[in-house]
Amino acid sequence: MPTIRSESLTEFTVRIFEAVGVPVEDAKVVAEGLVGANLRGHDSHGVMRVPQYVSFVQDGTYKPGVALQIESEGPALIVADGRWGFGQVQAHRLLDHLIPKAQELGIAAGAAKDCGHIGRLGEYAERAAALDLVLLATVNNNGAGQRVSPPGGLEPRLGTNPLCAAVPTEDGPVVLDFGTSVAAEGKVRVYHINKQPVPEGWLLDHQGKPTTDPSVLYTEPSGSILPMGGTQAYKGFGLALVFDMLAAGFSGGRACHEGAPPARGNNLLFILLDPARFAGRETMLKESTCVSRFVRNTPTAEGVDTITLPGDPERKVMETRSREGIPLSDGHWSKLVELAEALGVAVPSLPSEA
């Protein structure tokens with residue numbers, strides 16, 4: 001399994017995007033977001049997406065360099081059109097507008113339709129938390145990417161619509177970021193690319209039978225990813241359903257519908273809160289730190305070393321990968337190398353090759 005330093009992988013990714021006409025500043029934002037996901041162990045939202053993004057640029061689906069178009073604006077809200085620009089770029093631009101509004105009024109909400117895939121939602125929540133702000137966020141796939149069947153259903157109808165929230169504490173932010181399905185589609189894609197079975201309990205085939213074969217998502221008739229919740233999957237299904245409605249309804253994009261095109265990006269809804277305008281930033285930090293430490297100090301069952309809070313696994317993986325490099329599967333690395341060579345981009349030497 002190849003291992004590469006994050007700095008080298010970021011530079012390599014920037015050069016690939018530049019080779020297909022992406023402005024360098026946009027290329028840096030996207031590359032840093034993708035490699036940042038790899039650094040935190042979310043390889044499904046990392047550089048495995050590069051070939052997909054490049055193909056979208058080459059076929060005209062993504063429009064590099066377009067501005068975020070403000071459709072309407074008020075003291076505490078923004079509604080925008082991403083115009084199929086790169087999702088990471090447009091999402092950060094939306095935050096650029098929302099942060100000063102939230103700091104002035106205590107709350108700001110923004111929605112944007114027709115953005116490219118915006119990557120890991122935790123990226124934006126962490127940016128807010130670094131300013132002692134709280135971000136609540138969700139996205140949908142603009143009607144496409146139907147991967148999740150309702151409980152008892154035989155055909156997928158909904159996306160894996162995620163929920164993200166980050167709350168600052170004195171010990172670092174608690175970052176909640178998860179899809180409303182058992183697994184994100186990107187995680188299934190990782191297994192599919194590497195020709196490996198997924199864990200049991202993730203997938204159903206087109207007949208509604210459990211399977212560990214990831215290819216059922218990429219053949220017709222399609223299988224589906226189970227909603228989160230196990231025997232109470234209606235909870236994950238219910239969240240996905242409501243988030244689909246909100247992301248589409250507030251942004252002006254589309255929710256899931258019959259005849260939707262293939263997935264290409266997101267509609268997004270961001271709600272930003274400034275504790276300073278509520279009970280006070282110090283109160284927020286005091287209480288969030290108190291409860292997080294109280295929960296961490298829970299007596300543990302046999303075989304359990306520590307209590308893990310949302311965001312802990314990512315910080316642990318980031319510490320290791322920042323020090324030792326980012327491991328990429330042979331399948332992912334070979335696709336990046338193949339793409340780079342086709343574009344005339346030099347491939348960096350790996351540590352073992354240097």
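What counts and how
Residues numbered from 1 in each chain as written. Predicted model: local features only at pLDDT ≥ 70, side-chain atom pairs only at ≥ 80, totals over all residues. Heavy atoms only, no water. Phe/Tyr/Trp six-rings, centres within 6.5 Å; stacked < 30°, edge-to-face > 60°. Lys NZ or Arg CZ within 6 Å of the ring centre and 35° of its normal. Salt bridge = Lys/Arg side-chain N within 4 Å of Asp/Glu carboxyl O. Helix = DSSP H or I, 4+ residues; strand = E, 2+ residues; numbered from the N terminus. Buried < 20%, exposed > 50% of the residue type's maximum accessible area, 1.4 Å probe, protein only.

**Student:** An account of the packing of aromatic side chains is needed here, citing residue identities and associated values.
**Tutor:** For the coordinates displayed, the defined rule picks out nine aromatic pairs. Here F56 and Y62 contribute two aromatic rings whose centre-to-centre distance is 4.8 Å and whose plane-to-plane angle is 50 degrees, an arrangement assigned as tilted. One aromatic cluster is present, built from ring pairs that chain together F17, Y53, F56, Y62 and F86. The ring of W84 is capped by R264, whose NZ or CZ atom sits 3.9 Å from the centre of that ring.

**Student:** How would you explain the pattern of salt bridges if you had to name every residue and give the values?
**Tutor:** Scanning the model with the defined rule gives 17 salt bridges in all. Between E155 and R157 there is a salt bridge; the shortest N-O distance is 3.0 Å. Linking E185 and R189 is a salt bridge whose minimum nitrogen-to-oxygen distance equals 3.1 Å. Linking E185 with R189, this pair stays in helix α6 (residues 185–193), spanning four residues, or about one helical turn. Taking the relative accessible area as the measure of exposure, R189 reaches 22% and is therefore partly exposed. Through salt bridges with shared partners, one network takes in R40, R120 and E126.

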